[in-house]
Amino acid sequence: PITASNCPAGTTFVTGVQLLAPCNQTNFCSLTPRGGGTITGTRNIPLTADPILISGTVFIGDAAGTAANVTFAAGQRFVTQSVSGIVDLLVVARGSLLNAAGTAASPIVFTSMQDFNDDGMPNGSTGTGEWGGLAINGRAPLNECTVNPAALAGTDACRQNGEGGSGVFGGADANDSSGVFRYVRIQHAGFPFTPTNELNSVALQGVGRGTTFEFVQVHRGADDGFEWFGGTVNANHLVVTGANDDSLDWTDGWSGAVQFAVVVQQ
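Residues numbered from 1 in each chain as written. Predicted model: local features only at pLDDT ≥ 70, side-chain atom pairs only at ≥ 80, totals over all residues. Heavy atoms only, no water.

Ranked by size, the top nonpolar core spans 38 residues in total, and within it Leu31, Phe72, Leu90, Phe110, Phe213 and Phe226 carry the most contacts. Counting residues in each nonpolar core, the second largest holds 11 residues, with Leu142, Ala151, Phe169 and Leu199 among its members. (Core = buried A, V, L, I, M, F, W, Y, C linked by side-chain atoms within 4.5 Å. Buried < 20%, exposed > 50% of the residue type's maximum accessible area, 1.4 Å probe, protein only.)

In structure tokens, the structure reads:
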């Protein structure tokens, strides 16, 4: 994009984004202003030829209950800023929806600036832990309540705070929906802060069975590929290639199911 007029409604024009190599900068249309922020209301992001930037932690909706309903077009690519000291992370807040419905021919891809900038190299050839990943927070039941330890498991008061500053999740709605995730690929994500505070490539946190989660691939992620923290969401056709830690992991009473999964350890 040359000017703000080149960016679709619902995105922000940002200039001088570093492309890793010294003196190599360009402009992007970004989901939020530089450094992150919160998206509220209804937002439809159309297909753009250029990747859309994720800068800092981007929340779709907020923990206070201000909901958002965001749609990403099939085929859209998202790239992270990869600035030292800033972790890029996309979070669907509890009570909000992200509709990311790609197709087999036009998947929705989230990747790192390192991957975007490796000219002449095959897609997906850079390292792990180059950005935070995707965290989806829902209102489905948990069996451990850390926000209020006195709460009863499976009630709306039973909630947790996600690792890596990914927000609060949990509740009593087993049929809760966080949107649609179909034909999505997440590359080079995950970020271990400490052994007990780690971002996975995809964290499904209290996600309900009303959510569609199918044909999703994680490639070369630090920590786990997919991790379920409670919830009831079902998934099918998952692929994990080259995860640093567990490819599929679950805790906190997840009661969903996975049908058709392929794991390749490298």
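Moving on: the packing of aromatic side chains. Throughout the structure, instances matching the rule amount to 11 aromatic pairs. Consider the rings of Phe181 and Phe213, whose centres lie 5.9 Å apart with planes at 50°: the pair is tilted. Linking Phe181 in strand E15 (residues 179-187) with Phe213 in strand E19 (residues 212-219), this pair joins segments that are 32 residues apart in sequence. In this structure, Phe181 and Phe213 share a single accessibility class: buried. Summarising the aromatic geometry, the rings of Trp228 and Trp254 are spaced 4.5 Å apart at their centres and angled 15° between planes, so their arrangement reads as stacked. Separated by 26 residues along the polypeptide, Trp228 in strand E20 (residues 226-229) and Trp254 in the loop between strand E22 (248-251) and strand E23 (258-264) bring together distant segments of the chain. Residue class for Trp228 comes out buried when judged on its relative accessible area of 1%. Members of the aromatic cluster, joined through ring pairs, are Phe181, Phe213, Phe226, Trp228, Trp250 and Trp254. (Phe/Tyr/Trp six-rings, centres within 6.5 Å; stacked < 30°, edge-to-face > 60°. Helix = DSSP H or I, 4+ residues; strand = E, 2+ residues; numbered from the N terminus.)

On to unusual backbone geometry. What is expected of a backbone is that most residues other than glycine have negative phi and most peptide bonds are trans. The phi dihedral of Phe215 falls on the positive side, at around 55°, and the residue is not glycine. Topologically, Phe215 is positioned in strand E19.

The residue Val83 is located in the loop between strand E8 (77-80) and strand E9 (89-92) in this model. We classify Val83 as partly exposed; its relative accessible area is 32%. Put simply, Val83 and Gly230 are 147 residues apart on the chain and 32 Å apart in space, counted from C-alpha to C-alpha.

Tallying each qualifying case throughout the model produces four salt bridges. The shortest N-O distance in the salt bridge between Arg139 and Asp176 comes to 3.1 Å. Here the residue Arg139 occupies a position in the loop between strand E12 (133-137) and strand E13 (160-161), and Asp176 occupies one in the loop between strand E14 (168-169) and E15, the gap between them amounting to 37 residues. For Asp176, a relative accessible area of 2% corresponds to the buried category. Across the pair Glu214 and Arg182 runs a salt bridge, and its minimum N-O distance is 2.7 Å. On the criterion of sequence distance, the pair formed by Glu214 in strand E19 and Arg182 in strand E15 is long-range, its members being 32 residues apart. Since its relative accessible area comes to 17%, Glu214 is described here as buried. (Salt bridge = Lys/Arg side-chain N within 4 Å of Asp/Glu carboxyl O.)

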